[in-house]
Amino acid sequence: MAGVSSESLKAALQELEAKLPTASLSLAEELFGVLGLLDSNAGLRRALTDPARDSKEKAELFGRLLEGKVSADARDIVTSLAASRWASARDIGDALETLAATTAVAVAENKGQGVDGLEGLESDLFAFNRIVGSDHDLQRALVEPQASDEAKTALALQLVPSAGPAAQLLIRQAVTAPRGIKPTALVERFVQLVAKRQQRWIAEVSVTRPLTSEQATRLQAGLDRLYGRGLKMNVNVDPRLVGGVRVMVGDEVVDASVISRLAELRRSLTV
């Protein structure tokens, strides 16, 4: 996904973030359900991605279809997607899949007290892929056209009986609606979303010289207050910074290094 679709997905993920602290797995299930509706209706996909249609008109169209069938949160998320611009009909479905899976990942994060919940989910998904990836009979069984969704789900969950609720939902989605790829490939995509979420809990710190234990303690406390959660801090000594400190948490960078300030000065002189 690139271009206008990528920008629309980025905006949708930012909007979703506000709902995630209180989200439940039922929201993820609703979004996956709407994805199934979208995937089964080519006419609807074309209508929602028609550049000639007004954004408000597309949102209202999807909203009417979902009226009384999903929660207010799910309806808000989906109608916002419908109002966005998409380069292809496939892209809006891919975006909805990402939002649904991200919701499930965030629920595991919230229930497991942060990074522990994410590591547990990642372990469950890895376990499923490891078992299926080493058994060709299982791979065939999970994509057998004649097998029902219930049968595929039952088989898949038997392979990882200790998997948590979020992992069970994502695995069920992968075996019942892989959307043109192998179930294990879709699970791997979900693992990547977990890994991306984990980065929110890791502070990559670059400094010009090793920190004392007191400095490290103060920096840890300051970062925890700044981000509102207990971060894992990885410290790297980088003499190229000249002075100061550079912190990266996920996609966010806090840069107070001398080299950064010099770069800003150079940019101001060229304007």
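What you see is a predicted model, and the numbers here were worked out from it, not measured in a lab. (Residues numbered from 1 in each chain as written. Predicted model: local features only at pLDDT ≥ 70, side-chain atom pairs only at ≥ 80, totals over all residues. Heavy atoms only, no water.)

## A look at the packing of aromatic side chains
Think of a pair of aromatic rings as described by two things: how far the centres are apart, and how the planes are tilted against each other in angle. Counted by the stated rule, this structure contains 1 aromatic pair. It is Arg229 that lies over the ring of Trp201; its NZ or CZ is 5.6 Å from the centre. (Phe/Tyr/Trp six-rings, centres within 6.5 Å; stacked < 30°, edge-to-face > 60°. Lys NZ or Arg CZ within 6 Å of the ring centre and 35° of its normal.)

## Examining the pairing of strand β2 (residues 232–237)
For a regular strand, side-chain orientation follows a simple rule: the groups alternate between the two sheet faces. Relative to β2, strand β1 (residues 202–207) runs parallel, the two sharing 6 bridges. From the neighbouring strand, Ser206 faces β2, where its bridge partner is Asn236. Handedness of the crossover is the feature at issue here: the chain leaves β1, passes through helix α12 (residues 213–227), returns alongside β2, and the resulting connection is right-handed. (Pairing = 2+ DSSP bridges. Helix = DSSP H or I, 4+ residues; strand = E, 2+ residues; numbered from the N terminus. Right-handed = clockwise from strand over helix to strand, strands pointing away.)

## Quick look at the environment of Glu204
Here Glu204 shows up in strand β1. On the accessibility criterion, Glu204 (33% relative accessible area) is partly exposed. Considering only alpha carbons, one finds Glu204 and Val253, 49 residues apart in sequence, at a separation of 9.4 Å. Once residues lying within four places of it in the same chain are set aside, the contact partners of Glu204 are Asn234, Arg246, Val247 and Met248. Within the structure, the side chain of Glu204 is placed 3.2 Å from the side chain of Asn234, a separation counted as a polar contact. (Buried < 20%, exposed > 50% of the residue type's maximum accessible area, 1.4 Å probe, protein only. Contact = heavy atoms within 4.5 Å. Polar contact = N/O pair within 3.5 Å; in protein donor to acceptor, adjacent residues only side chain to side chain.)

## Remarks on the pattern of salt bridges
Using the criterion set out here, one finds 17 salt bridges in the structure. When the shortest N-O distance is used, the salt bridge between Asp39 and Arg179 registers 2.7 Å. Pair noted here: Asp39 is in helix α2 (residues 25–39) and Arg179 is in the loop between α10 (165–176) and α11 (183–198), with a separation of 140 residues, a long-range link. Judged by its relative accessible area of 32%, Asp39 is partly exposed. Look at the salt bridges and you will find they share partners, linking Asp39, Arg90, Asp94, Glu97, Arg179 and Arg189 into a network. (Salt bridge = Lys/Arg side-chain N within 4 Å of Asp/Glu carboxyl O.)

## Things to note about the nonpolar core
In terms of nonpolar packing, the biggest core is built from 59 residues, with Phe62, Leu121, Leu125, Phe128 and Leu170 touching the most fellow members. In terms of nonpolar packing, the next biggest core, distinct from the first, is built from 9 residues, Val207, Tyr227, Leu231 and Val247 among them. (Core = buried A, V, L, I, M, F, W, Y, C linked by side-chain atoms within 4.5 Å.)

## Here we look at the environment of Glu109
Relative to the assigned elements, Glu109 resides in helix α6 (residues 89–111). Spatially, the C-alpha atom of Glu109 lies 8.7 Å from that of Glu119, the residues being 10 residues apart in sequence. Excluding anything up to four places from it in sequence, Glu109 contacts Gly114, Leu118, Arg197, Arg200 and Trp201. At 2.5 Å, the side chain of Glu109 forms a polar contact with the side chain of Trp201.

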